[in-house]
Structure formats: structure tokens, C-alpha cells
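As a plain string of letters, each chain reads:
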Amino acid sequence: MSDEKKQEPCRQPIGVFDSGMGGISVLRELVKVMPHEDFIYFGDSVNAPYGTRPTEEIRDLTIHHVESLMAQGAKGVVVACNTATSAAVAVLRKMYPQLPLVGIEPAIKPAAVQKPGSRIVVMATPMTIKQEKFCNLMKRYEDKIRIVPLPCPGLMEFVERGDLNGDDLREYLQKLLAPVMKEPIDGIVLGCTHYPFVREMIQQVVGEKVTIYDGGPGTAREMRRRLQEQNLLNPKQEKGQVQFYNSRDTEEEIELCRSLFMK
């Protein structure tokens, strides 16, 4: 690391980690909230989906990749994956208490605040729905809203392939959502960072009256708050830069990252 970087930690980049492409939806929100910051995005598509792996393995992978981002000079890290957040963020906070570290969780709280008494479907990976952190989150708000957890096996793979508006995706969503739509839905929480990329198609299937909630904007605001607390916001006025890396190190993968980022 250069002396300049050591002297000016506020000018170092923010690291963003996800198990694949999904965290790019959070990265977009981070750039909106902090346009002058530089970002390093790393997606572990080789090991995706994390949701099918044992918790210990997810924890080890997440710690390894967060430490790699720190070694590249990241002044703070966003774990932009619900499964990795549940498995590893509490451990990482104990390991690196000074690091501005933000995970993500399904946006159940905003739904409960905005629509008390409503019926809210939480779309998430099967692993996220099984995890203790998710169950505790649901319990916290179950007296305010009716929460319907909906496991979505295979949905993140559409995003990993870049298939965001095909007929096969529409058919998948119609079949997936049909059982929960037998009763009126007031809102849908996107409980995986991949899902905002198919938000438009979900909206078409459930109808315009259903409010869709995404945890990305809140995560971005929380990272800005933590950096501000430590005087680590970048003082430069020009637009920041984004670098993309992926464990599946092909030009096609990086091109898909850029394409999703621009959507």
C-alpha cells in the first residue's frame, strides 16, 4: 500500500462483497448515496449460491473475501448478501471492531412501519428463511404485520445468467407467487440482493397496488453514517470510480457486472 493511502484513509475505496451478482443492486444504492467514493466490488460467483452451503463454509468464505478487500485497502466493507450477513457479520465485527462494516437484512421494518396490519410476503433464498437471524427478525414484527415467508429456489440463478425479463422468468414467478396470491398481498420484501434486478417483473406479476421493499437504500445510508462517524468520507468533488472483480474471472462475467450496474 502506498504512503499516500496510509496517510489519507478517507481516500481509500469502499469494499462491497456478495456471493455473486446480487450485491450490485446494493452497490448502485451506495453510489447514489456517496457519488464521490471509489468502490471495489467482488462477487464470488464460483461458489454461488451461498444459500445451498453449510453455515460454517459460508462464514469462512465471507471472512476470507472481506479480508481480501481489506488487504486491497478498503476503508469499510459492505457485505451485500443476506446469507453471508447472517453467517459471518457478527463474527467479523468481533474480529475487526474498528472496521466500518455493514451487512444487509430483509426490509421487514420499513414494511411494518409503513403498512401496519398488512400482509407482507418476504421473498428470500431457502437458506435465508431457515436462518436464526431471519426468524428473529420476523418475530420482532409479527405482532405488527402478517409475514408470509416465501422461499425462492432458483430465482437468483436467473440474475447470475443475466436473464432479467424473459418468458421463462415470468413463468417461474407466476408459478412461485400464485399460492401466496390466493389472499390479497399488501407488500413484498425482496430478501435477497439479487431480486431487485427482477423487481419490474415481480411488480408485473403481483400488480401495481403491491408495494415492493428493498433493503439496499437503507444499507447504503448506514454505511455513509458509519464512515461519517469515523471522518472517513472522501472529500474529493469528482465522481468516484468502481472496479469489478469476480472469482469466475472471465471477461463475460465482468461485462455482466458492468451491465447490471448500469441498469
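Further up the page is the structure itself.
The text that follows walks through the structure, step by step, so that each part is easy to find. Since this is a predicted model, take the numbers as computed values, not measurements.

1. Structural notes on the sheet that holds strand β8 (residues 211-214)
Then, number 1: If you trace the 4 strands from one edge of the open sheet to the other, you get β6-β5-β7-β8, paired in parallel fashion. Edge strands, defined here as strands with exactly one partner in the open sheet, are β6 (146-151) and β8. Neighbour-to-neighbour, the strand axes of this sheet turn through a mean angle of 25°, independent of strand direction.
Then, number 2: Two elements, strand β5 (residues 119-124) and strand β7 (residues 187-190), share 4 bridges in a ladder whose sense is parallel. Its bridge partner being in β7, Val-121 is matched across the sheet by Ile-188.

2. Concerning the pattern of salt bridges
Then, number 1: Applying the stated criterion across every chain yields a total of 15 salt bridges.
Then, number 2: Of the charged contacts in the structure, one is a salt bridge between Arg-11 and Glu-8, with a shortest N-O distance of 3.1 Å.
Then, number 3: Using a relative accessible area of 37% as the deciding quantity, one classes Arg-11 as partly exposed.
Then, number 4: With its nearest N and O atoms 3.6 Å apart, the salt bridge here joins Lys-144 to Asp-143.

3. A word on helix α2 (residues 24-33)
Then, number 1: Of all 10 residues making up α2, 7 are buried, and the element is well covered by its neighbours.
Then, number 2: Those residues of α2 that sit buried are Ile-24, Ser-25, Val-26, Leu-27, Arg-28, Glu-29 and Leu-30.
Then, number 3: Along its buried surface, α2 packs onto β1 (14-18), β2 (39-43), β3 (76-79), α11 (216-229), β9 (242-246) and α12 (251-262).

4. Quick notes on the environment of Thr-219
Then, number 1: Along the chain, Thr-219 turns up in helix α11.
Then, number 2: Separated by 193 residues in the primary sequence, Thr-219 and Val-26 place their C-alpha atoms 7.5 Å from one another.
Then, number 3: Thr-219 has contacts with Val-26, Val-78, Val-102, Gly-103 and Ile-104, leaving out every residue within four places of it along the chain.
Then, number 4: Of the polar contacts made by the side chain of Thr-219, one reaches the backbone oxygen of Gly-215; its length is 2.9 Å.

5. Considering the environment of Gly-73
Then, number 1: Note on placement: Gly-73 falls in the loop between α3 (55-71) and β3.
Then, number 2: Taking the C-alpha atoms as reference, Gly-73 lies 19 Å from Ala-220; in sequence the two are 147 residues apart.

6. A word on the pairing of β3
Then, number 1: On β3, burial covers both faces: Gly-76 and Val-78 on one face and Val-77 and Val-79 on the other are all buried.
Then, number 2: In this structure, β3 lies alongside strand β4 (residues 101-102), joined through 2 bridges in parallel fashion. Among the inter-strand pairings, Val-77 is bridged to a residue of β4, identified as Leu-101.
Then, number 3: Following the backbone out of β3, through helix α4 (residues 82-95) and into the adjacent parallel β4, one traces a crossover that is right-handed.

7. Some details on the pairing of β1
Then, number 1: Burial runs high along β1: 5 of the 5 residues are buried.
Then, number 2: Residue alternation in β1 divides its side chains into two sets, Ile-14, Val-16 and Asp-18 and Gly-15 and Phe-17, and both sets are buried.
Then, number 3: Relative to β2, β1 runs parallel, the two being bridged by 5 bridges. By the bridge assignment, Ile-14 is partnered in β2 with Phe-39.
Then, number 4: Between the parallel pair β1 and β2, the chain is carried across by α2, and the sense of this crossover is right-handed.

The rules behind the values
- Chains are numbered independently. Their residues run from 1 in the order of the written sequence.
- Totals for whole chains, interfaces and linings use all residues, but because this is a predicted model, local features are given only for residues with pLDDT of at least 70 and pairs of side-chain atoms are given and counted only at 80 or more.
- Note that the side-chain values use all heavy atoms of the structure and ignore hydrogens as well as water.
- At least two bridges found by DSSP between two strands are what make those strands a pair.
- The helix and strand labels rest on DSSP assignments: H or I over at least four residues marks a helix, E over at least two residues marks a strand, and numbering proceeds from the N terminus.
- As a rule, the C-alpha atoms of each element are fitted with a line to give its axis, helices using only the stretch in contact, and angles between N-to-C directions run from 0 to 180 degrees.
- Note on definitions: salt bridges are taken to be side-chain nitrogens of Lys or Arg within 4 Å of carboxyl oxygens of Asp or Glu.
- For each residue, the accessible area found with a 1.4 Å probe, counting protein chains only, is set against the maximum for its type, and the residue is called buried under 20%, exposed over 50%, and partly exposed in between.
- Any two residues whose heavy atoms approach within 4.5 Å at even a single point are treated as in contact.
- Any N or O atom pair separated by 3.5 Å or less is treated as a polar contact, with the protein-specific requirement of one donor-capable and one acceptor-capable atom, and with residues adjacent in sequence counted only for side-chain atom pairs.
- Crossover handedness is defined here as right-handed if the route from the first strand over the helix to the second strand goes clockwise, with the strands pointing away from the viewer.

Interpretation note: all reported values are geometric properties and have no functional meaning in isolation.
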